Amino acid sequence: MPPELPDMNRIAVLGATGSIGTSCLDVIAAHNSRLQATALTAHGRWESLAEQCHRHQPRFAVISDASLRAQIGGNAFPYKTEVSFGPDAIEKIACHPDIDTVVCGIVGAAGLRGAWSAIEAGKRVGIANKETLVVAGPLVMQLAEKTGSLLLPVDSEHSAVFQALLGGRRQDLKRIVLTASGGPFRGWSKERLEREVTVERALAHPTWQMGPKITVDSASMMNKALEVIEARWLFDLEIEQIAVMIHPQSIVHSFVEFVDGSVLAQLSPPDMKLPIQYALTYPERWAGTIATMDWTRSHQLDFQPPDLDAFPALRLGFEVARRGGTCGAVLNAANEVAVQRFLDGNLKFTEIPQACGDILIGHNFDAQPTLTELIRLDGWARKEMQQWKSSQSI
Ligand code: NAD
Ligand code: MG
């Protein structure tokens with residue numbers, strides 16, 4: 001039996017000022033008789049958070065960068081909003097008894113603490129922060145099993161798989177196929193990627209509007225690598241049961257294949273408001289806030305296998321998903337720093353997967369790490385990536 005949705009779903013939006021967070025607030029505002037923004041959090045841009053608070057009147061707001069406290073005047077936030085500071089405050093909000101649903105929209109491994117706290121408290125959790133599952137998938141899933149927390153994917157591919165899986169029995173599943181737009185460099189050769197990628201081009205995604213980190217990840221296909229790992233843990237799959245297909249139109253968000261050969265897919269225009277809304281309303285479906293498919297005109301849907309030689313990040317993703325243990329935490333942390341170095345202009349685009357591969361090979365693998373060990377390795381991999389130099393450039 002799917003769980004019932006509360007009459008008023010009181011929502012904490014972690015990472016409210018980001019791309020996922022603002023879309024989430026749009027969905028909440030469009031359904032304000034059943035959805036309420038009860039808590040909003042942000043890291044740095046407190047002015048945007050204050051503005052959101054004036055618009056949505058939440059009971060709680062959290063600014064996780066505690067050093068900003070001194071800058072914020074007494075009247076910046078609405079009178080009814082209780083403002084607190086620091087990462088601990090995010091954890092407290094995520095498990096607060098007056099919150100029903102936590103949307104994890106923080107970017108990077110920084111999102112793990114809030115997600116963990118929500119799952120520990122048995123909340124309904126909308127997981128956009130794929131890094132939580134990449135870093136600590138098995139531990140997160142065990143915790144959810146123990147507390148009865150309902151994990152609902154917000155990542156569009158995983159939401160599609162979740163929805164398509166409702167069409168059959170879990171034991172009859174053969175495989176899932178995650179679709180990928182291919183990003184701005186779809187069809188480029190390895191050589192062209194080495195020569196012609198610029199930060200500006202990497203940040204210009206053809207079909208999705210997203211934050212800068214995931215946009216660069218989409219260009220390198222590291223995003224799909226992280227999604228393979230995310231799917232492995234979220235749906236408890238063998239690595240042979242996960243495939244990736246390039247689908248440039250971003251209309252088919254993923255599909256599942258059952259043992260009889262039947263393939264079920266979920267289609268919609270590319271807009272994150274749909275998977276966000278489904279995570280907030282499941283098992284119900286409400287009239288959407290987004291444009292729907294236009295079935296009066298013709299559409300073309302293309303599918304191609306990915307080029308693993310030009311985009312070796314995807315190969316790394318499959319390897320990390322297969323090995324499990326500490327690999328996810330190391331790959332994720334190394335990639336976060338590599339993306340920042342690329343954006344800062346001190347790492348080449350094609351060096352991102354190369355450097356991540358080097359750091360993965362050099363780490364002390366453990367098949368069944370504790371959370372403490374994963375957090376320690378996250379710090380280690382970040383330092384290694386800060387110092388990484390290409391062997392060619394020495
Ligand atoms: P973003 O950069 O637009 O927003 C990030 C949010 O996290 C901001 O509110 C920021 O204040 C907060 N934040 C940043 N660093 C933090 C820290 N150290 N501690 C606490 N809060 C911090 O990112 P986004 O594109 O919205 O992505 C958020 C997450 O959702 C990522 O994990 C991403 O992979 C995932 N996701 C995003 C999309 C999308 O369309 N944007 C799609 C699928 C999955
Ligand atoms: Mg995705």
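None of the values given here were measured: they were computed from a predicted structure. (Residues numbered from 1 in each chain as written. Chains lettered and ligands numbered in written order. Predicted model: local features only at pLDDT ≥ 70, side-chain atom pairs only at ≥ 80, totals over all residues. Heavy atoms only, no water.)

How do you make sense of the sheet that holds strand S6 (residues 124-127) when you look at a structure like this?
Two strands in a sheet stick together by hydrogen bonds in their backbones, pointing the same way (parallel) or opposite ways (antiparallel). An order of S4-S3-S2-S1-S5-S6-S7 is seen for the seven strands of this open sheet, with the pairing classed as parallel. The two strands at the open ends of the sheet, each matched to only one other strand, are strand S4 (82-85) and strand S7 (150-153). Pairs of neighbouring strands in the sheet enclose a mean axial angle of 20°, with direction left out of account. Two strands pair when backbone bridges link them, and S6 and S7 are joined in this way by four bridges, in the parallel orientation. Counterpart to isoleucine 127 in the pairing with S7 is proline 153. Of the strands in this sheet, strand S1 (9-14), strand S2 (35-42) and strand S5 (101-104) are in contact with helix H1 (residues 19-30), which crosses S2 at around 160°. (Pairing = 2+ DSSP bridges. Helix = DSSP H or I, 4+ residues; strand = E, 2+ residues; numbered from the N terminus. Axes fitted to C-alpha atoms, helices over the stretch in contact; angles between N-to-C directions. Contact = heavy atoms within 4.5 Å.)

What's the story with the packing of aromatic side chains in this structure? I'm lost.
We describe a pair of aromatic rings using the distance from one ring centre to the other and the angle between the two ring planes. Applying the stated rule across the entire model yields seven aromatic pairs. Here phenylalanine 185 and tryptophan 188 contribute two aromatic rings whose centre-to-centre distance is 4.7 Å and whose plane-to-plane angle is 50°, an arrangement assigned as tilted. A cation over an aromatic ring shows up here: arginine 192 above the ring of tryptophan 188, its NZ or CZ 3.8 Å from the ring centre. Cation over ring: arginine 323 sits above phenylalanine 365, and NZ or CZ is 4.1 Å from the ring centre. (Phe/Tyr/Trp six-rings, centres within 6.5 Å; stacked < 30°, edge-to-face > 60°. Lys NZ or Arg CZ within 6 Å of the ring centre and 35° of its normal.)

Just checking my understanding: could you explain the packing of helix H12 (residues 312-323) against helix H13 (residues 327-343) for this structure?
How two helices pack is summed up by the angle between their axes together with the distance between the axes. Running from N to C, H12 and H13 cross one another at 150°; their axes reach a closest spacing of 8 Å. Our classification of the angle between H12 and H13 gives roughly antiparallel. Contacts between H12 and H13 involve Leu316, Val320 and Arg323 from the first element and Cys327, Gly328 and Leu331 from the second. Within the contact of H12 with H13, the residues separate by chemical class into four nonpolar, one polar and one charged. (Parallel < 35°, antiparallel > 145°, perpendicular 65-115°, else oblique. Nonpolar A, V, L, I, M, F, W, Y, C, P; charged D, E, K, R; others polar.)

What is the right way to read H1 from this model?
In an α-helix there are 3.6 residues to a turn, and that puts residues three or four apart on one side. Given a rise of 1.5 Å per residue, twelve residues ought to cover 16 Å, and the 17 Å separating the end C-alpha atoms of H1 matches this to within 8%. Of all the positions in H1, only Ile20, Gly21, Ser23, Cys24, Leu25, Val27 and Ile28 are classed as buried. Those residues of H1 hidden inside the fold are in contact with S1, S2, helix H2 (46-56), S5 and helix H11 (273-281). (Expected span 1.5 Å × (residues − 1). Buried < 20%, exposed > 50% of the residue type's maximum accessible area, 1.4 Å probe, protein only.)

It is not clear to me how the side chain of serine 254 should be interpreted in this structure. Could you clarify?
Looking at where serine 254 falls in the secondary structure, it is placed in strand S10 (residues 252-258). For serine 254, a relative accessible area of 0% corresponds to the buried category. Within polar-contact distance, the side chain of serine 254 engages the backbone oxygen of valine 177 at 3.5 Å. Beyond its immediate sequence surroundings of up to four residues, serine 254 is in contact with Glu157, Ala160, Val161, Val177, Leu178, Thr179, Leu264, Ala265 and Gln266. (Polar contact = N/O pair within 3.5 Å; in protein donor to acceptor, adjacent residues only side chain to side chain.)

It is not clear to me how the side chain of histidine 205 should be interpreted in this structure. Could you clarify?
Tracing the backbone through its elements, the reader meets histidine 205 in the loop between helix H8 (199-202) and helix H9 (212-220). Judged by relative accessible area, histidine 205 falls into the buried class, the value being 11%. Within the local environment of histidine 205, its side chain forms a polar contact with the side chain of serine 181, the two groups lying 3.2 Å apart. Of note is the side chain of histidine 205, whose polar atom sits 3.1 Å from the backbone nitrogen of threonine 207.

Honestly, the site of ligand 1 in this entry has me stumped. Any pointers?
Taken together, 22 residues form the shell around ligand 1, and within it Thr17, Ser19, Ile20, Glu131 and Gly211 come nearest. Isoleucine 20 is positioned with one of its backbone polar atoms (N or O) 2.9 Å from an oxygen atom of ligand 1. Within the backbone of alanine 128, a nitrogen or oxygen atom sits 3.5 Å from an oxygen atom of ligand 1. Here ligand 1 has 830 Å² of accessible area as a free molecule, and 87% of this is covered by the chains. Of the residues that constitute the shell around ligand 1, the class distribution is ten nonpolar, nine polar and three charged. Formed jointly, the shell around ligand 1 draws a minimum of three residues from each of two domains, domain 1 (9-153) and domain 2 (161-269 + 302-384). (Near = heavy atom within 4 Å. Areas by Shrake-Rupley, 256 points an atom, 1.4 Å probe, with all protein chains shown as cover. Domains from an automatic or database assignment.)

When you look at the domain arrangement of the chain in this model, what are you seeing that I'm missing?
How big an interface is tends to be expressed through the accessible area that disappears when the partners come together. Taken domain by domain, the chain holds domain 1 (9-153) and domain 2 (161-269 + 302-384). Facing the 20 residues of domain 1 at the interface are 23 residues of domain 2. Counting across the interface, domain 1 meets domain 2 through two salt bridges. Between lysine 213 and glutamate 131 there is a salt bridge, with its nearest N and O atoms 3.0 Å apart. Counting the contacts that link domain 1 with domain 2 gives five residue pairs in polar contact (both at pLDDT 80 or more). Every element with two or more residues in the side of domain 1 that touches domain 2 is listed here: helix H4 (112-120), helix H5 (130-147) and S7. (Salt bridge = Lys/Arg side-chain N within 4 Å of Asp/Glu carboxyl O.)

What is the right way to look at the coordination of the magnesium ion (ligand 2) in this model?
Geometry reference: four tetrahedral donors at a metal, ideal angle 109.5 degrees. Six octahedral donors, ideal angles 90 or 180 degrees. Bound to the magnesium ion (ligand 2) on the protein side are Asp155 (OD), Glu157 (OE) and Glu227 (OE), at distances that span 2.1 to 2.2 Å. Coordination of the magnesium ion (ligand 2) draws on donor residues from a single chain, spaced D-x1-E-x69-E in sequence. Highlighted residues: aspartate 155 in the loop between S7 and helix H6 (156-165) and glutamate 227 in helix H10 (residues 222-234), separated in sequence by 72 residues. (Donors = N, O, S within 2.8 Å, 3.2 Å for Na, K, Ca; no water.)

Would you take a moment to explain the sheet that holds strand S9 (residues 242-246) for this structure?
With mixed pairing, four strands are arranged side by side in an open sheet as S9-S8-S10-S11. Looking at which strands have only one partner, the edges of the open sheet turn out to be S9 and strand S11 (263-267). Shown here is a sheet whose adjacent strand axes are inclined to one another by a mean of 20°, direction ignored. Direction of pairing for strand S8 (residues 173-180) relative to S9: parallel, over a ladder of five bridges. Residue threonine 179 lies in a different strand from S9, and its bridge partner there is methionine 245. Lying over the sheet, H6 contacts S8, S10 and S11, oriented at roughly 40° with respect to S10.

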